[in-house]
Amino acid sequence: MKVPLLDLKAQYATIKNDVLAAVSEVLESQQCIGGPKVAELEKNIAAISDCKYAVGASSGTDAILNSLMSLDIGHGDEVITTPFTFFATVGCISRTGAKPVFVDIDPKTYNINPDLIEQAVTEKTKAIMPVHLFGQMADMDPIMEIASKYNLAVIEDAAQSITSTYKGRKAGSIGTVGCFSFFPSKNLGGIGDGGMVVTNDEKLYNRLTIMRNHGQEPKYYHRYVGGNFRLDPIQAAALLVKLPHLDDWSQARRRNAAYYDEKFNDTVVETPYINPDCVSIYNQYVIRVPKRDQLVAYLKEKNIGCEIYYPRPMHLQECFRYLNYKQGDFPEAEKAAKEVLAIPVYPELTDEMKDYVVETILSFIGAVATLKI
Ligand SMILES: Cc1ncc(COP(=O)(O)O)c(C=O)c1O
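Scope of this entry: the structure provided in the associated data block. (Residues numbered from 1 in each chain as written. Predicted model: local features only at pLDDT ≥ 70, side-chain atom pairs only at ≥ 80, totals over all residues. Heavy atoms only, no water.)

### What about the packing of helix H2 (residues 36–48) against helix H7 (residues 233–242)?
Point 1. H7 packs onto H2 with a crossing angle of 50° between their chain directions and a minimal axis gap of 8 Å. When the axis of H2 is compared with that of H7, the two are oblique. Our pair here, H2 against H7, has a crossing hand that is left-handed. Here Lys37, Val38, Glu40, Leu41 and Asn44 of H2 come into contact with H7, specifically with Pro233, Ala236, Ala237, Leu239 and Leu240.
Point 2. Among the residues forming the contact of H2 with H7, the class breakdown is 7 nonpolar, 1 polar and 2 charged. (Axes fitted to C-alpha atoms, helices over the stretch in contact; angles between N-to-C directions. Helix = DSSP H or I, 4+ residues; strand = E, 2+ residues; numbered from the N terminus. Parallel < 35°, antiparallel > 145°, perpendicular 65-115°, else oblique. Left-handed = near helix turned anticlockwise from the far one by under 90°. Contact = heavy atoms within 4.5 Å. Nonpolar A, V, L, I, M, F, W, Y, C, P; charged D, E, K, R; others polar.)

Given below as structure tokens:
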């Protein structure tokens, strides 16, 4: 049996005709930039995120970059974030000229540990950027409390967590802005790159809208130095086809996660911890296991897809050496990087596939226990 980490062809087979028709509609209209599909998707994403406004973006990365630039964050400023994230979170902060300031993670959820944030606040701090990793939101109440005490913006990197909730509130709706990615592997994935910023702040919405189009207002009169952060209407058309399925797909991921949770119960496999205040969309199902790297090799041999998100925390990346962090600065992030492993959780997995994944992992664990590995 073969079980990939993700099977986009299986999903595409269920919506192929609708996607082709929607893409064809854009092509026939020759509305190749902006237009009704982008506007409709923005309206719908704002609605499902319980936000008033949404601004399309060319990627999740550009959603974050536009948010930072529209908040006038740049040289001399500091942004507090987690070292255990995808590069884009930190890369965008750095590209504005601001300084990324890391605090360690909560080892159970892998999200930023709010207890460590306040001590990292300085006179230069402008914003906090929590990342809702693997589909689960960060502990937002204490983060918002600190932000309000020090008058800081909160940029939710919700790239992996569209529609997930914290105390019943949607990802992206609690902070100053929320940023989504439509990278194809996300729960709501495009047929290429795409992203979106959501906010309830009208002034910021206007600024985000101007900034995504080179900061011009009116045309050819540039009030700001913006960029080309525009969402492609072909992506918007495909995403509009997929959007009505999003809840079912996330529900299927939750069912798969519950299946694994039960099968790994009472074994040494550490299953994901979900904060009782949160509903996860399980963009990833991440376990911790002993001898992780040997397990990766074993799974590969057995045709099971898996991935390490993320093998090197951001404070130890070569490009961030200028920040002068060192090994040992964020022990929980460093430990997680050595132990985590994402296994297949995509909606179209069959019970047979899940059983094969579970049996393979447990047979590896058994072999470890009897010192065969
Ligand atoms: C946490 C996080 N932030 C930002 C991004 C960037 O999104 P994109 O790949 O759409 O640019 C991603 C996705 O890859 C992500 O997982």
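### Focus on the environment of Ile365
Point 1. Along the chain, Ile365 turns up in helix H11 (residues 351–369).
Point 2. A relative accessible area of 11% places Ile365 in the buried class.
Point 3. Note: C-alpha distance between Ile365 and Lys291 (74 residues apart in sequence) is 8.9 Å.
Point 4. Look past the residues within four positions of Ile365 in its chain and what remains in contact with it is Val268, Val269, Val289 and Pro290. (Buried < 20%, exposed > 50% of the residue type's maximum accessible area, 1.4 Å probe, protein only.)

### Overview of the pairing of strand E8 (residues 177–181)
Point 1. The buried fraction of E8 amounts to 5 of the 5 residues, a majority that puts the element mostly inside the structure.
Point 2. Neither face of E8 is open: one carries Val177, Cys179 and Ser181, the other Gly178 and Phe180, and all of them are buried.
Point 3. Of the strand pairs in this sheet, strand E5 (residues 153–157) and E8 are connected by 3 bridges, and their pairing is parallel. Paired with Ile155 across the strands is Val177, a residue of E8.
Point 4. Note: E8 against strand E9 (residues 195–199), 5 bridges, orientation antiparallel. Bridging across to E9, Ser181 finds its partner in Gly195. (Pairing = 2+ DSSP bridges.)

### Let's talk about the packing of helix H1 (residues 8–29) against H7
Packed helices, taken two at a time, are described by the angle between their axes plus the distance between the axes.
Point 1. Between H1 and H7, whose axes approach to 8 Å, the crossing angle comes to 140°. As summarised for this structure, H1 and H7 are arranged oblique, according to the angle between their axes. Handedness of the crossing formed by H1 with H7: right-handed. Together, Gln11, Ile15, Asp18, Val19, Ala22, Val23, Val26 and Leu27 of H1 and Pro233, Ile234, Ala237, Ala238, Val241 and Lys242 of H7 make up the contact between the two elements.

### What to know about the site of the ligand
Point 1. What surrounds the ligand is a group of 17 residues, the closest being Gly60, Thr61, Asp157, Ser181 and Lys186.
Point 2. In the environment of the ligand, an oxygen atom lies 2.4 Å from a nitrogen or oxygen atom belonging to the side chain of Thr61.
Point 3. For the ligand, an oxygen atom lies 2.8 Å from a polar atom in the side chain of Gln160.
Point 4. Computed on the free molecule, the ligand has an accessible area of 380 Å², of which 94% lies beneath the protein chains in the complex.
Point 5. Secondary-structure elements contributing two or more residues to the shell around the ligand are helix H3 (60–70) and helix H4 (87–95).
Point 6. For the shell around the ligand, the element with the most residues is H3, which contributes 3 residues.
Point 7. In terms of residue class, the shell around the ligand is made up of 7 nonpolar, 8 polar and 2 charged. (Near = heavy atom within 4 Å. Polar contact = N/O pair within 3.5 Å; in protein donor to acceptor, adjacent residues only side chain to side chain. Areas by Shrake-Rupley, 256 points an atom, 1.4 Å probe, with all protein chains shown as cover.)

Any link to function would need more than the numbers given here.
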